[in-house]
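Notes for the structure review
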Number of protein chains: 2
Amino acid sequence: MIKRFTLYAILNLMCLCSAVSQGIELKWQIGYHKTETAQPAKWMPAVAPGAVQLDVMKGENYKQPWWFADNVRQFDWMEDVYFTYKTSFRKPQLQAGERLFFFSRGIDYQFKIYLNGKQVWEQEGMFTYVDIDLTGDLQDNNELKIVLMPVPKLGFQYEDNPGLYRSNARESAKPAVSYEWDWHPRAVTRGIWDETSLVVRKPVRISDVSVTYTLNEDLTRANIRLDAEGIGFPGNTFKWILKDPQGKTVLEKSGALASGTQGIESVLNAPALWQPNGYGEPNLYTSEFYLTDADHRILEQRTCKVGFRRIRLIMNESAWQARQPMPLTRATAPASLEVNNRRIFAKGSNWVHPEVFVGVVTPERYREQIVLARNAHFNLLRIWGGGIVNKESFFDICDELGILVWQEFPLACNEYPDKPKYLEVLEQEARSIVKRVKKHACLAIWSGGNELFNSWSGMTDQSHALRMLNSICWQLDPQTPFIYTSPVYGIGHGHYIFYDKTIDREVFQWMASAKRTAYTEFGVPGTANIDVLKSFIPANDLFPPKRNTAWEIHHGMGMWREDSWLELPTFEKYFGKPQSLEELVQYSQLLQSEGLKFIYEEARRQKPYCSMALNWCYQEPWPSAANNNLISWPNVVKPAYYHVAAACRPVLASIRVPKFEWREGEDFTCDLFLLNDSYDKIGKAKITVTLQYDETETELMTWECPGTEAFRNIQGPTAHIRIPRMKSNLFTIAVKVEGRSEYNSAYVLLYAGKDVQKRFPPKEYYDFRL
Amino acid sequence: MIKRFTLYAILNLMCLCSAVSQGIELKWQIGYHKTETAQPAKWMPAVAPGAVQLDVMKGENYKQPWWFADNVRQFDWMEDVYFTYKTSFRKPQLQAGERLFFFSRGIDYQFKIYLNGKQVWEQEGMFTYVDIDLTGDLQDNNELKIVLMPVPKLGFQYEDNPGLYRSNARESAKPAVSYEWDWHPRAVTRGIWDETSLVVRKPVRISDVSVTYTLNEDLTRANIRLDAEGIGFPGNTFKWILKDPQGKTVLEKSGALASGTQGIESVLNAPALWQPNGYGEPNLYTSEFYLTDADHRILEQRTCKVGFRRIRLIMNESAWQARQPMPLTRATAPASLEVNNRRIFAKGSNWVHPEVFVGVVTPERYREQIVLARNAHFNLLRIWGGGIVNKESFFDICDELGILVWQEFPLACNEYPDKPKYLEVLEQEARSIVKRVKKHACLAIWSGGNELFNSWSGMTDQSHALRMLNSICWQLDPQTPFIYTSPVYGIGHGHYIFYDKTIDREVFQWMASAKRTAYTEFGVPGTANIDVLKSFIPANDLFPPKRNTAWEIHHGMGMWREDSWLELPTFEKYFGKPQSLEELVQYSQLLQSEGLKFIYEEARRQKPYCSMALNWCYQEPWPSAANNNLISWPNVVKPAYYHVAAACRPVLASIRVPKFEWREGEDFTCDLFLLNDSYDKIGKAKITVTLQYDETETELMTWECPGTEAFRNIQGPTAHIRIPRMKSNLFTIAVKVEGRSEYNSAYVLLYAGKDVQKRFPPKEYYDFRL
């Protein structure tokens with residue numbers, strides 16, 4: 001909620017199309033106090049963007065690093081106090097008509113701003129830009145203060161169920177995850193979390209530029225429109241240039257400017273389309289808009305990228321035909337992404353915070369993680385509603401690398417109320433978010449939030465927050481699909497473990513019998529790599545893992561369930577009690593790798609009814625001991641990452657095996673497939689399935705595969721072998737495609753029997769590159 | 001879509017709060033022509049409101065009555081021609097500042113209006129009021145013309161599947177039903193269909209009054225707000241009086257008026273709440289707003305009814321706990337109506353057109369049918385999206401009689417496209433509909449339309465029409481629940497027959513194993529009464545029923561399926577070939593009565609998981625030979641009506657029987673319940689179950705029922721008897737409650753065996769009153 005002490009320009013500034021940053025850097029100090037009006041006892045240097053916790057940690061010599069053992073608990077007291085940021089600056093030389101603004105892309109979460117002791121702004125919400133004209137209140141020497149209120153939290157907590165600390169966030173638009181999750185410590189962020197500076201604005205200036213377009217049905221023609229808003233336009237002129245992905249100018253317009261918004265229209269024939277990863281190039285055009293004076297001298301310029309594409313969320317193939325008993329209920333919700341008139345199989349992951357303290361995330365951090373996603377053949381990231389809406393650079397990089405974005409609003413696993421005050425803040429935040437993010441070619445889906453239609457949240461289609469979000473998205477960005485939450489009807493979340501003792505079923509079994517249109521969360525946990533474990537667990541606690549040590553604080557044990565996320569009983573069921581840290585890590589990572597490989601490939605085998613596979617979760621915000629993630633904090637790849645990447649290759653040979661553990665004399669069978677998510681036609685192929693164990697290799701079957709059409713799988717015969725006696729506990733089923741080794745696959749399974757020797761897969765298994 | 005040749009006042013006039021009708025009646029003539037600009041060859045008298053078909057029928061001496069045999073086919077040619085309404089009037093005496101308007105509450109469907117040869121209006125859409133200031137174009141003698149375009153229809157029809165004629169309506173906001181349904185002839189209505197007149201408006205006048213309120217959480221206090229819009233307000237005064245249901249003034253305010261909208265606020269403590277039928281009185285307050293001059297003389301007055309109530313659509317009890325396999329999808333959508341903080345069990349029916357030619361429907365027609373609904377203990381009518389949004393008097397009567405209304409927009413069983421032109425018309429119509437209907441206490445649910453999320457429609461949550469309707473309802477009427485369509489997830493539609501040979505199951509079986517949160521369409525067909533049949537079937541064709549006679553034209557045979565709606569194979573399965581019209585009608589009506597009784601009672605037995613039962617359908621727009629309806633056209637009660645009314649009593653004893661047909665020696669069982677939908681606590685009761693056959697009565701069981709809490713059923717023991725040999729083919733299970741005969745129930749079942757004599761139930765069965 002914004003109280004408009006200064007009514008200036010805020011609405012026009014929601015979506016700055018790559019505004020040239022002309023900011024005057026500010027040097028901040030920070031202090032804390034118990035009441036809103038009290039003065040801090042002392043001031044410490046502050047880093048902005050950042051977080052108050054990190055400033056106090058340095059200023060007061062807290063134990064470091066903050067992520068080691070239980071050091072994060074040092075921050076707990078900060079939730080309930082006020083913080084003040086303070087900075088001083090001399091009034092800059094302002095030319096005639098120039099004005100000085102304070103501009104911030106994000107302050108977390110509820111705050112008041114004072115200039116020379118006078119309140120000039122008040123806001124609740126971290127996603128709405130702050131833009132205040134300070135000119136009228138300037139003195140020669142100025143003091144600017146930002147007073148942060150204590151973090152919002154409802155008063156109740158379930159002492160016996162710490163996971164429900166998230167309820168604290170139930171009446172705010174603040175990401176729920178920082179109140180504690182089963183893979184996130186309680187550490188409620190606060191402070192200046194995105195670019196913030198003073199800005200001098202000229203008397204003639206652009207306040208916003210946006211480029212929109214409509215494509216004709218067969219995508220051969222774009223009607224483009226540039227809307228420019230600004231001040232002092234009349235009497236001046238513009239030039240607008242559009243350059244193609246190779247930098248060649250394909251469109252040029254110029255003319256005189258009138259007041260208000262300028263709508264300039266043009267047509268582009270045969271646009272090079274923006275395609276998601278795996279389906280072509282993510283072509284981006286560059287729009288350059290120049291504000292020029294009557295003599296055509298450039299006064300200001302705005303540049304932004306434009307990707308031409310059409311994205312729809314359509315019914316899954318064959319889902320209309322799914323049989324139901326009378327009385328009939330509705331068909332499943334559409335869950336198949338169509339990009340540029342072609343269905344894609346959406347492969348990817350659930351993106352969470354790359355850092356607990358989101359203010360410190362840089363474009364470089366985003367880039368290194370998104371590049372890994374691109375390299376894993378991912379084309380879709382679901383930005384989970386428990387976390388933030390990322391900074392601009394995140395979307396710029398996704399645009400560039402062809403990664404589609406499913407963006408949720410900051411609601412997760414809570415019953416957000418129909419209360420006017422909450423709805424007012426959420427509306428402000430949602431409008432800011434939509435206006436900003438809708439400009440990006442990568443934006444594929446809006447979603448109200450995470451698991452809101454499940455019992456642990458308790459929201460419904462009638463919840464006012466969700467109807468309002470749907471309406472806002474419809475009003476501001478009608479062409480982008482909107483879903484109330486994930487899962488909607490037909491989509492599945494879960495399971496999150498290799499073996500579920502309550503139903504006595506392994507991942508190989510529950511996943512093969514599942515029938516969902518999209519799997520948008522599923523996981524198999526594995527430990528972090530040994531080096532990562534050593535970086536935050538005190539040496540004495542490393543092995544064996546115990547409760548009340550860093551293993552527990554870092555989510556290895558007792559996370560909502562007794563066994564998560566180490567899953568020691570499952571480990572012991574297959575491998576016995578772990579004898580060393582090395583054994584624990586290697587077998588745990590084997591289970592994660594084989595389990596996730598099965599789920600991704602099975603989801604693809606279920607195409608076309610199934611259209612999507614996104615594991616829970618991609619990375620993590622601090623180092624966990626064991627977790628469902630593929631990448632450890634800060635950016636360390638776990639072995640499962642490589643196996644998932646292999647399972648997401650556009651074309652591969654794949655088998656469905658009925659279970660993980662085998663014994664001598666059992667009849668082993670596996671169903672053979674050639675999976676094709678690409679739009680290439682795949683020719684004839686000779687595919688051989690072999691059993692590799694001890695030092696032996698036995699052929700099960702050769703399939704003369706006739707090839708397959710674009711975007712179609714083909715199922716082959718079922719291979720069989722009677723399991724022989726083996727000496728060691730792991731064996732491999734290898735699937736080889738003659739002359740196309742890039743389609744090969746391999747699956748490591750478990751042999752159980754008397755006097756079996758424990759072995760690990762070779763080193764390459766844990767650092768696997770195709 | 002409105003083209004604004006006259007930009008006047010249309011938006012302000014969407015919702016007239018019981019405007020005093022000061023209309024100048026017009027005498028219309030009508031003619032038809034093949035091109036838009038051609039002149040009719042002749043003019044005939046026209047009745048308005050009415051329909052062009054009825055005027056031509058009279059003017060050109062068509063065979064009458066139009067509903068007899070296949071006379072309705074005489075109208076077919078009219079779809080593709082233009083019609084013009086014409087009227088003349090002398091310019092009335094206008095006092096200083098007065099203006100003359102042409103005002104219509106509805107013209108069906110696409111038209112242009114000319115005054116003295118000059119086009120003054122153009123509109124597509126029958127639900128948006130027309131309001132045109134004619135003053136500037138008036139001459140002494142004036143001619144007003146309304147030119148109707150041919151009916152909108154897409155060019156394709158499936159010749160082999162006549163039911164799909166409805167596709168003709170796929171790109172318009174015209175009710176789809178008139179393009180033909182399995183119980184509605186093709187007869188596409190057109191013409192002036194609601195009140196239409198000239199109106200003289202004073203220089204000082206009210207253009208709209210609306211009364212809104214918010215209730216506190218426990219409903220003990222209403223903050224009321226009256227908004228008045230008008231012209232010439234400054235310098236004048238107002239008086240506002242609110243009278244309670246007994247006519248006593250409970251609130252009075254007066255003051256000076258400023259320009260623009262006047263928002264007048266007040267508070268009412270302990271409002272007498274509007275309660276739906278079966279849950280208390282439908283209390284209505286009366287708001288009287290007087291526009292007065294500086295000397296407090298009354299210039300104009302507006303009166304409207306206000307019912308204070310809170311309606312929510314909430315999760316069904318226990319639905320959050322329903323078990324699902326992993327991966328989990330969402331929980332069911334909420335389908336339980338809560339009125340004034342209490343859940344109700346919603347009982348009712350699907351309302352269709354009371355007339356093919358909706359223009360002729362009068363308040364009296366509405367009232368007689370709504371009174372019957374009230375008498376049947378109904379509290380909810382679903383206004384099916386294949387038909388119209390009813391005239392104002394419909395909602396007034398529902399307000400008065402405590403009947404909740406589920407109002408659908410005019411979309412049904414089609415894939416309405418994401419096309420801008422269609423969406424523009426739909427938006428205009430939806431805004432008009434919402435602004436008008438939201439003022440009524442009876443309005444409980446908005447719905448996008450009928451069966452849009454099923455394969456035969458092919459729309460989804462992403463369809464632009466539905467997202468737009470949701471957004472419009474959210475913007476204009478956020479407190480009223482909105483669902484995209486019926487069924488949404490968890491709600492069921494079907495079945496529509498007593499016995500389904502494709503699954504070999506009777507209504508008793510499929511319904512008992514169903515598990516839906518709400519049954520919002522279900523049916524069992526029965527023939528019309530003999531007198532009704534004789535009114536439209538030529539005597540020679542009455543028996544036996546044959547194809548290509550009035551039996552078929554009037555939906556008895558070959559309606560989408562070979563057997564609907566006579567269902568002769570089902571009839572013959574139980575009763576053999578019908579020997580007479582009397583036998584056909586009586587057994588058919590027996591099947592309908594017992595089948596519907598079972599479904600309503602079973603839905604109630606499934607409470608609390610189930611919360612709603614609405615049969616398909618309530619009435620019909622012309623006489624059908626056989627149909628799922630309860631009331632034959634024009635208003636003749638079928639026997640099933642009485643049995644449904646009995647099944648909907650707030651409290652009754654009820655049994656679940658496993659099947660309809662029994663043989664000697666079989667073990668008959670039935671589960672016994674005492675059903676209570678009221679908020680009364682029911683005391684101890686002695687309940688006896690007996691078998692009545694031939695002249696014998698045998699007791700199966702007596703249950704000493706301990707009584708039951710408010711709004712809770714109680715299940716008793718299961719009764720048993722071995723079926724004895726019987727002489728006649730029908731027997732009865734009677735359930736009697738000692739001292740509370742109003743809770744008694746009886747069920748007629750079939751006995752099959754050798755030499756069994758056919759009998760009918762007694763006369764009272766077909767004219768049953770409790």
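Residues numbered from 1 in each chain as written. Chains lettered and ligands numbered in written order. Predicted model: local features only at pLDDT ≥ 70, side-chain atom pairs only at ≥ 80, totals over all residues. Heavy atoms only, no water.

What follows is about empty space enclosed by the protein. Taken as a whole, this structure holds 17 cavities of 30 Å³ or more when the rule is applied. What the largest cavity holds in volume is close to 250 Å³. The set of elements that each furnish at least two residues to the lining of the largest cavity consists of strand S28 (482–483) of chain A together with strand S28 (482–483) of chain B. For the lining of the largest cavity, the per-class residue count stands at 17 nonpolar, three polar and four charged. (1 Å grid on protein atoms, 1.4 Å probe; cavity = no way out; pocket = protein on both sides within 12 Å on 5 of 7 lines; lining within 4 Å. Points joined across faces, edges and corners; volume = space filled by probe spheres on them. Helix = DSSP H or I, 4+ residues; strand = E, 2+ residues; numbered from the N terminus. Nonpolar A, V, L, I, M, F, W, Y, C, P; charged D, E, K, R; others polar.)

Take the packing of helix H5 (residues 464–476) of chain A against helix H5 (residues 464–476) of chain B next. Packed helices, taken two at a time, are described by the angle between their axes plus the distance between the axes. Look at H5(A) against H5(B): their axes get within 9 Å of each other, and the N-to-C directions meet at 120 degrees. The angle between the axes of H5(A) and H5(B) places the two elements in the oblique class. Classified by chirality, the crossing of H5(B) by H5(A) is left-handed. For the pair H5(A) and H5(B), the contacting residues are His464(A), Arg467(A), Met468(A), Asn470(A), Ser471(A), Cys473(A), Trp474(A) and Gln475(A) in the first and His464(B), Arg467(B), Met468(B), Asn470(B), Ser471(B), Cys473(B), Trp474(B) and Gln475(B) in the second. Here the residues of the contact of H5(A) with H5(B) sort into six nonpolar, eight polar and two charged. (Axes fitted to C-alpha atoms, helices over the stretch in contact; angles between N-to-C directions. Parallel < 35°, antiparallel > 145°, perpendicular 65-115°, else oblique. Left-handed = near helix turned anticlockwise from the far one by under 90°. Contact = heavy atoms within 4.5 Å.)

Attention shifts here to the nonpolar core. Counting residues in each nonpolar core, the largest one holds 360 residues, and the members touching the most others are Leu337(A) and Leu337(B). Setting aside residues no more than four positions away along its own chain, Leu337(A) makes contact with Ile311(A), Arg312(A), Leu313(A), Arg342(A), Arg343(A), Ile344(A), Ala346(A), Leu380(A), Leu404(A), Ala444(A), Ile445(A) and Met612(A). (Core = buried A, V, L, I, M, F, W, Y, C linked by side-chain atoms within 4.5 Å. Buried < 20%, exposed > 50% of the residue type's maximum accessible area, 1.4 Å probe, protein only.)

So, about the interface of chain B and chain A. Contacts between the two partners involve 50 residues from chain B and, on the opposite side, 50 residues from chain A. For the chain B and chain A pair, buried surface summed over both sides reaches about 4,100 Å², with 57% attributable to carbon and sulfur atoms. Interface area lost by chain B to chain A is led by Pro327(B), Arg467(B) and Trp474(B), which between them contribute 18%. Our count for the contact surface shared by chain B and chain A stands at two salt bridges. Residue Arg330(A) pairs with Asp461(B) through a salt bridge whose shortest N-O separation is 2.7 Å. Linking chain B with chain A are 25 residue pairs in polar contact (both at pLDDT 80 or more), by the criterion used here. Those elements that provide at least two residues to the side of chain B that touches chain A are H5, S28 and strand S29 (491–493) of chain B. Among the elements that make up the side of chain B that touches chain A, the one with the highest residue count is H5(B) (eight residues). (Buried area = accessible area lost by both parts, 1.4 Å probe. Salt bridge = Lys/Arg side-chain N within 4 Å of Asp/Glu carboxyl O. Polar contact = N/O pair within 3.5 Å; in protein donor to acceptor, adjacent residues only side chain to side chain.)

This brings us to the confidence of the model for chain A. All names here are of chain A. Looking at chain A, pLDDT values average 95 and 95% of them are 70 or higher. Within the model, pLDDT remains below 50 along residues 4–21, and this stretch shows 56 contacts once partners closer than five positions in the same chain are excluded. The complex prediction reports pTM at 0.96, with the ipTM value standing at 0.96. (pLDDT = per-residue confidence, 0-100.)

Turning our eyes to something else, we now look at the sheet that holds strand S18 (residues 262–269) of chain B. All names here are of chain B. The sheet built from three strands is open, its strands ordered S14-S15-S18 with antiparallel pairing. Two strands bound the open sheet, and with one partner strand each, they are strand S14 (205–215) and S18. With strand direction ignored, the average angle separating the axes of adjacent strands in the sheet is 20 degrees. As judged from the eight bridges shared by strand S15 (residues 221–231) and S18, these two strands associate in the antiparallel manner. Opposite Arg221, over in S18, you have Asn269 as the bridge partner. (Pairing = 2+ DSSP bridges.)

Expressed as a screw transformation, the operator carrying chain B onto chain A has a rotation angle of 180 degrees and an axial translation of 0.0 Å, and the superposed copies differ by an RMSD of 0.0 Å. The transformation relating the two chain copies, once decomposed into turn and shift, fits a two-fold axis. Of the C-alpha atoms belonging to chain B, the one lying closest to the rotation axis is found on Ser471(B), 2.2 Å away. A symmetric contact is evident, with 100% of the interface residues of chain B recurring at the interface of chain A. (Least-squares fit on C-alpha atoms with pLDDT ≥ 70 in both.)

Turning our attention to the pairing of strand S5 (residues 82–90) of chain B. All names here are of chain B. In terms of burial, S5 is largely enclosed, as seven of its nine residues are buried. Looking at chain direction, strand S3 (residues 28–33) and S5 are connected through five bridges and run antiparallel. Note on S5: the bridge partner recorded for Gln29 is Lys86. With eight bridges joining them, S5 and strand S11 (residues 141–148) adopt antiparallel strand pairing. Pairing of Ser88 across the sheet is with Glu143, part of S11.

Turning our attention to the sheet that holds strand S10 (residues 130–133) of chain A. All names here are of chain A. Across the sheet, four strands lie side by side as S2-S13-S6-S10; this open sheet has antiparallel pairing. The open sheet is flanked by strand S2 (23–24) and S10, the only strands paired with a single partner. For strand S6 (residues 99–104) and strand S13 (residues 196–201), the ladder comprises six bridges, and the chain directions are antiparallel. Bridge assignment links Phe102 to a residue of S13, and that residue is Leu198.

Residue and element names in this part refer to chain A. An ideal rise of 1.5 Å per residue puts 18 Å on 13 residues; helix H2 (residues 363–375) measures up with 18 Å between its terminal C-alpha atoms. Among the residues making up H2, those that are buried are Arg365, Tyr366, Gln369, Ile370, Leu372 and Ala373. Around the axis of H2, the buried residues are gathered within 150 degrees of arc, so they sit on the same side. Residues of H2 that are buried in the fold lie against strand S24 (346–351), strand S25 (380–383), helix H3 (392–401), strand S36 (631–632), strand S37 (636–637) and helix H11 (639–647). (Expected span 1.5 Å × (residues − 1). Arc of directions from axis to C-beta.)

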